[in-house]
Every structure is written in structure tokens, then in C-alpha cells.
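So you can see what is in the structure, the chains are spelled out below.
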Amino acid sequence: MGVRVRGRGAGGLIGRSEELGAVRRMLAQGRLVTVLGAAGLGKSLLAEHAAAAVGGSMPDGVVRVRWWDGAPARRRSVVEAVAEAMDGEEAGGASAVAGGGAPDRTSAGIAELTARLRSRRMLLVLDDFDPVRRECVRLVRALLDGAPEVRVLTAGRHPLGLGEEAVLRLGPLAVGEGGEGVGADARADIPSVPASAPAPPPDSEGAEPGPAVALFLDRVRAARLRADHHDGPLRGRHDPTRGARAEELRLARDICRRLEGVPLALELAAAQTAQYPLAQLARMLESGQGWLGVPDAPVRRHRSLRAAVGAGYALCGAAERTVWARLSVFAGSFEEEAAAYVCSGGGLDAQDVPAALARLALASVLEPVRDPGGVLPPRYRMSAAVRGFGAERLQAAGETAAAVSRHLYWYGHVASSAHHLWSTGLHERAAALVREEEADLGLALTRRPGDAGQAAETLALAVDLWFWWAVCGHAEEGRALLGGLLPLARPDTRVCARALWLSGWLAVRTDAPGYAELLGRAWRVAVLAGDDATVGRVSHVLGALALEDGRTERAIAHLRDAADTIPVHAEHGPPVAVSWALLAVAQAGVRPADAWRSVRRASAGPQPRHDLWTRSMTQYAQAVVDHLRGRRSRAWRRAHKALAGATGVAGAARGPATAGVFLSGEPAAPALPRAARTTGAAMAGPPDAALIHQLIADIAAGPPRGRGRRATGATDARGRADPELPARGASP
């Protein structure tokens with residue numbers, strides 16, 4: 001007996017050479033191998049190729065039984081299907097319901113089949129066995145015990161759970177060579193492109209496309225050839241120039257990333273290119289991918305992505321279906337605790353959710369992000385196709401609003417936790433928490449609030465992440481989000497005042513217009529709401545601007561007001577010690593004695609002991625004061641301590657990626673001379689390495705001779721105006 005190999009498309013197996021080799025090795029070393037994975041990953045195709053590869057070493061050949069097509073068929077047991085396949089009957093489209101045969105008849109059939117195979121040396125391939133997994137387990141256990149020369153290769157979404165089973169968990173294809181993209185966890189081997197299909201060219205940067213792109217472009221070529229064959233006038237239209245090929249490769253990469261490297265999704269999308277250009281297809285996929293489909297796929301549940309995912313949904317229990325639907329409100333990976341909160345309610349207890357998550361992961365609906373049984377709590381993720389299907393079920397159940405509300409509440413709690421970590425000096429842990437939950441925090445911030453209450457919750461979430469926007473390199477993103485949220489929230493609350501101040505501060509940090517209006521509004525709302533911290537922080541930002549513009553006296557007045565107004569333990573912004581330290585910098589050139597007292601006030605509070613920003617700013621202020629007083633050695637030591645603190649703040653703001661690259665993906669700016677930098681942003685935030693290096697260079701040049709701050713003026717060279725605020729006790 002043999003097995004006929006066929007691929008879904010014209011090109012056969014692409015990008016699975018390493019997995020194919022792994023299956024062959026497993027079959028050589030053991031008697032039971034399972035290819036495991038979610039819908040559309042190519043389990044059946046890999047099993048077919050593996051069977052063809054090892055079939056020559058089996059004297060009695062290969063028997064392959066595809067159990068399930070996704071369509072109703074005559075009822076029969078697994079034993080009957082295997083027997084029919086051995087007898088040469090057509091079994092490729094066979095399907096049945098679990099337990100198709102009566103128990104006594106099934107037991108007798110297993111014994112009879114085992115006796116028939118006892119002396120055979122062959123490979124039995126059981127494909128798509130999930131609907132009758134229990135019966136399949138009984139049959140395979142009997143064959144392992146009673147037919148010593150029979151090897152079994154199974155392909156499905158759920159392992160059999162037998163002790164001798166070797167499992168190959170199939171992942172998505174990598175988008176870029178070396179694991180770029182969602183498929184990075186999968187084996188990113190060099191794609192085994194058939195000789196008839198030319199290899200995709202490198203992109204504009206010289207990087208080779210990954211196996212996902214190779215598969216997609218191969219199927220695109222096949223689809224276009226079929227279209228040209230049926231429509232003569234279209235012949236030759238797909239012969240792009242070099243520039244057009246580069247653009248096509250870029251679009252292919254974008255499509256493959258959006259489809260997460262899932263082979264079935266890539267092939268269904270490629271089939272659409274006979275009708276739509278790649279640019280239009282990429283735009284169509286922005287709204288979802290469940291619509292992808294072809295009418296003539298040989299397997300019915302492969303005719304659309306929705307049908308392939310829905311086949312697994314049909315096999316789930318009621319609790320798993322409910323959890324699946326509610327999990328669709330997550331955008332990225334999530335912990336078990338988050339899922340328990342979001343998914344509970346409506347008859348489902350929170351204590352029942354972890355078991356449902358484990359069953360969904362076992363059925364390849366969820367992908368474990370962490371190894372189960374580890375020290376850290378379990379964490380899972382959903383593919384985009386699975387999430388989209390769950391969102392449809394959630395909408396049909398009328399539970400979308402409730403699930404979204406619980407999701408927003410949970411990630412408001414996450415943002416609050418990150419804020420408290422940062423405020424207690426645990427900067428790296430705070431940034432790591434936001435980085436880990438960035439996808440869902442971003443989703444919670446960008447969903448349009450359903451009412452004023454949700455708008456207030458969302459605005460509070462954005463304010464809790466003030467350090468992420470202002471310190472960790474996301475000022476533009478934070479300013480844009482706050483700009484969209486502020487018109488939706490009540491304008492007279494403390495949260496609104498803090499959001500207005502934060503938006504104005506970020507505008508200063510990014511040198512964007514409109515900061516004066518935002519800070520003025522923040523001051524008025526904060527005064528009416530009795531929010532001393534926000535009133536003081538508005539003065540702090542104005543003082544930093546005045547200091548950079550050379551208006552020393554005005555800077556001293558604003559910073560003195562900030563230092564006297566901000567409470568010691570105020571949250572959601574720089575500590576009051578930062579205002580004292582910046583006040584010392586402003587006073588150093590004109591009032592040395594006052595500057596020294598301000599430095600002592602900055603150092604006396606609790607923040608310099610645990611807050612890197614405060615410590616660095618305080619050391620910087622001390623170095624400036626010492627330098628202007630001629631204490632060169634002490635100034636040099638303190639400047640280097642400030643530099644170490646600034647490096648610590650920058651390190652907390654960066655991810656675990658390559659050094660010199662910020663979280664936004666942009667390279668860290670090189671140290672520039674002070675005159676070449678945007679000075680308003682320099683003093684409005686933490687002192688950076690370039691600013692401190694300039695101070696160290698000044699110290700090395702020797703003691704200052706008649707050096708002071710720039711002359712006082714109403715505006716700087718750019719005409720930046722300082723918004724005039726009423727006196728503290730005046731009516732707004």
C-alpha cells in the first residue's frame with residue numbers, strides 16, 4: 001500500500017523542512033507520533049509528506065484514514081474506517097460522530113483489527129481524529145500492545161495522551177528569516193520551494209523573506225496564472241518592475257504578519273489576488289480575516305477560515321465556548337488571573353475558568369506563552385482568526401459590552417499597579433509590566449468609551465501611565481491618545497486636570513504647539529478641584545520652560561511655587577524633590593546661597609533614596625551648584641553619579657532588546673551638543689546623558705568666570721510665550 005501526497009495548492013509543502021525531518025526522526029525512534037496544532041497550520045499536509053517519506057521503508061506500506069471533512073457522513077467507527085482503508089475502499093472523505101459504533105461491536109472490531117495487523121510492518125496515519133478521540137485512543141493503545149511492528153502517525157488539535165506518544169507541536173510559519181513576526185516561536189527553516197517556483201527576492205534592505213512570505217508569494221503566482229489562463233486579456237499584467245517587486249514584497253510581508261503566518265490563511269488570501277491587488281487585499285484584511293475563503297477546496301472545512309476555526313468550536317463544551325467568546329476582547333497575551341476576571345459571570349464562576357483555559361490550550365485553541373508548571377503563572381495568547389471567531393460568538397450572545405467593560409476595569413488595575421511600582425522606585429518592573437501588557441493596555445485606551453463613566457476610566461488609565469509616555473519614549477503616542485480622550489470626559493474633575501497637565505507636558509516634551517492652552521486649562525480645573533499637586537506641576541513645567549528660555553527670575557518664581565505646592569507624596573508626576581532640584585539649578589547662577597538650600601531640601605525628602613529620576617536630578621543640581629561655586633572635584637563626582645542615575649532611568653525605559661534601541665523601535669539619539677538640542681524638552685523631563693555630559697565637559701574646562709544664566713526675556717528666539725497664570729489665591 002502507498003499514500004498519495006497532495007498539497008493544498010500548486011506548490012506543495014513550503015517552509016516545513018525542519019518539521020518534516022523531526023517527524024521522520026520521531027517515527028524512526030518511536031511507534032506513536034502526533035502532529036499537533038491549531039486550525040489551518042498544515043498538520044494534515046505535513047503528515048501526508050511524512051508518510052510518503054517513510055512509506056518506502058514499510059514492507060506493508062502506509063494506510064491513511066482522514067476521519068473528518070467537516071460535513072455529515074455515514075456513521076461508522078474508527079475500526080471500520082481503518083478496515084475499509086486497508087481493503088482499498090475510499091476513506092479520504094470519511095467522517096463520523098464520536099462513538100459511532102456500539103461499545104461491544106467496537107471492542108470486538110478492535111480485537112479483530114489488532115489480530116489482522118499483528119504480523120504487519122506498516123504505518124497507520126489517522127488524520128483529523130478529534131471528533132472520535134476516545135475511540136481512537138482505544139484503538140491505538142490496542143495496536144501498540146498487540147501489533148508490535150505497526151507505527152501510528154496521528155494529526156489533530158488534541159494529543160491522544162498515551163505514554164508512548166511523541167508530540168510535535170506545529171506553529172505558524174515565520175514571516176522573516178530568523179523568526180521575524182508572529183511565527184517566531186515556530187521553526188523558521190529555509191523554505192523548501194519547488195524548483196518550478198522562483199525564490200522570492202530579498203527586500204529593499206537585503207533581508208531574505210521567511211517561509212510565510214515564500215508560501216504566500218508562491219500561491220499568489222499560482223492564482224494569477226490560473227486567472228491569466230481563464231482570461232486572455234489579463235495575460236502579462238503581472239510582470240512588475242524592480243521597484244514594483246519591492247513594493248509587492250513589502251505588501252506580502254504586511255499581509256503575512258497580519259495573518260500571523262498561518263498557512264491556510266495565507267493560501268486563502270493568496271487566492272483572492274486573482275481578483276484584488278495586494279494593496280487592496282491588505283486594506284480588506286484590516287477589518288478581519290474570517291471572510292477569507294474559496295469555494296473549491298477539497299476539504300470542506302478548509303473552504304473558509306471561519307469554517308476551519310468553527311470546526312474546533314463545535315468540539316468544545318459549553319464552558320469552553322463561553323470562555324472562548326469572552327477571551328476575544330483581549331488583544332495580546334494574558335495571564336490566567338486576567339482571564340478569570342474577564343470571563344467570569346453569567347453562570348460561569350471564576351474558579352472554573354482556569355480549567356477551561358487548560359482544556360482550550362490542550363485543544364490547540366489557545367497557545368501557552370509560558371511553559372505550564374513553571375514558577376510564573378500561566379499565560380496564553382489567541383491567534384487573530386480564533387479571536388475573530390470568538391468575537392462573532394460574543395456579539396451573537398449579546399455579551400460584548402459587559403466583557404469590554406470588565407476588560408477595561410482589569411487593565412485600569414494593571415496601569416495603576418505599574419504606576420505604583422514606578423512611584424516606589426521599581427522602575428524596571430513598572431516598565432516591564434507595561435511592556436508585557438502593552439497590547440491590551442493599548443486596546444483599552446483606543447476603544448471608544450461607551451459612556452461618560454468608561455471615558456473617565458480610560459482617561460484615568462492613561463494618566464496612570466504618565467511615566468510610560470513621558471520617560472519611556474512614547475510622548476507622541478501619549479499626547480495623541482490624551483487628545484482623543486479629553487473631549488469625551490467630564491471637564492471638571494481631578495482626572496481631567498491631571499490629563500490636561502500631562503497632555504501639555506508631553507506637548508512640551510515633543511516641542512508640539514498648543515502646550516500653553518493645555519497648561520492653562522489644567523491650572524484652572526485643578527484650582528477648582530482643589531488638586532494642589534496638578535497646580536504645582538503646571539508651575540514646574542512653566543518654570544522649566546522659563547529656565548531654558550533664559551528667563552531666570554520667572555523660572556525661579558514658577559519653580560518656587562511648584563516646590564511649595566506639590567505635596568511630598570503626590571502621585572502621577574515628578575516628585576516634589578525634582579522641583580526643588582530644578583529650582584536649585586535656576587538659582588545657582590544668581591543666588592548661590594538659595595541654590596544650596598534648595599539642593600538640601602531636594603535631598604532631604606524620601607524620594608532621592610529610591611527614585612532614580614529624583615536621585616539623578618538631585619545629583620545634577622548639586623553638581624551645577626558645586627561647579628558654579630568652584631568646587632571642581634565634588635562637582636565632577638556628583639555629575640558622574642547623576643550620569644549613572646540617568647543611565648538607570650534610560651535602562652528602565654528600554655526593553656530587553658538590542659542596546660541603543662528604544663521601545664518605539666527608533667534608535668537612541670546620539671549625544672549632541674546642548675545648542676543643537678530642543679532645550680524645552682531637556683529640562684521639562686529627566687536629565688539625559690547628553691545634558692550631563694555637557695556639564696561634565698564644562699567642569700573639565702575649569703571653574704566658570706563670570707558665567708550666569710541667559711538674560712531674562714519674555715520669549716526665546718522661537719517666540720515661545722509663557723502663559724500668564726493668576727496668582728494662587730486669585731479667582732480663575
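Along each chain, numbering runs from 1 in the same order as the chain's sequence is written. The predicted nature of this model means local features are confined to residues of pLDDT at least 70 and side-chain atom pairs, given and counted, to a pLDDT of 80 or more, with totals for whole chains, interfaces and linings taken over all residues. For the side-chain quantities, the full set of heavy atoms in the structure was used; hydrogens and water were omitted.

As a further point, take the sheet that holds strand β6 (residues 334–335). Read across the open sheet, the three strands follow the order β6-β8-β7; overall the sheet is antiparallel. In this open sheet, the two edge strands, each paired with only one partner strand, are β6 and β7 (367–368). Whether two strands pair comes down to DSSP finding at least two bridges between them. Under the DSSP-based scheme used, a helix requires at least four consecutive residues in state H or I and a strand at least two consecutive residues in state E, with every element numbered from the N terminus. Where β7 meets strand β8 (residues 379–381), two bridges bridge the pair, whose relative direction is antiparallel. Residue pairing across strands places glutamate 367 opposite arginine 381, the latter belonging to β8.

A separate point is the sheet that holds strand β4 (residues 150–156). Within a sheet, each strand pairs with its neighbour through backbone hydrogen bonds, oriented either parallel or antiparallel. What the five strands build is an open sheet, ordered β2-β3-β4-β1-β5; its pairing is parallel. Single-partner strands in this sheet number two, and they are β2 (62–66) and β5 (166–169). Pairwise comparison of adjacent strand axes, ignoring direction, gives a mean angle of 15° for this sheet. Two strands pair when backbone bridges link them, and β2 and strand β3 (residues 122–127) are joined in this way by five bridges, in the parallel orientation. Here the axes come from fitting lines to C-alpha atoms, over the contacting stretch only for helices, and the angles between their N-to-C directions go from 0 to 180 degrees.

Turning next to the pattern of salt bridges. Only one rule defines a salt bridge in this text: a Lys or Arg side-chain nitrogen within 4 Å of an Asp or Glu carboxyl oxygen. Counted by the stated rule, this structure contains 27 salt bridges. For glutamate 399, the salt bridge identified is with arginine 326, shortest N-O distance 3.0 Å. Here glutamate 399, found in the loop between α14 (384–397) and α15 (400–423), pairs with arginine 326, found in helix α11 (residues 318–327); they are 73 residues apart in sequence, far enough to count as distant. We call a residue buried when its accessible area falls under 20% of the maximum for its residue type, exposed when it is over 50%, and partly exposed in between, using a 1.4 Å probe and counting protein chains only. For glutamate 399, a relative accessible area of 27% corresponds to the partly exposed category. Here glutamate 436 makes a salt bridge to arginine 379, at a shortest N to O gap of 4.0 Å. With a gap of 57 residues between them, glutamate 436 in helix α16 (residues 427–436) and arginine 379 in strand β8 connect regions that are remote in the sequence. A residue is classified by how much of its surface remains accessible, and glutamate 436, at 34% relative accessible area, is partly exposed.

The values are spatial; any link to function lies outside them.
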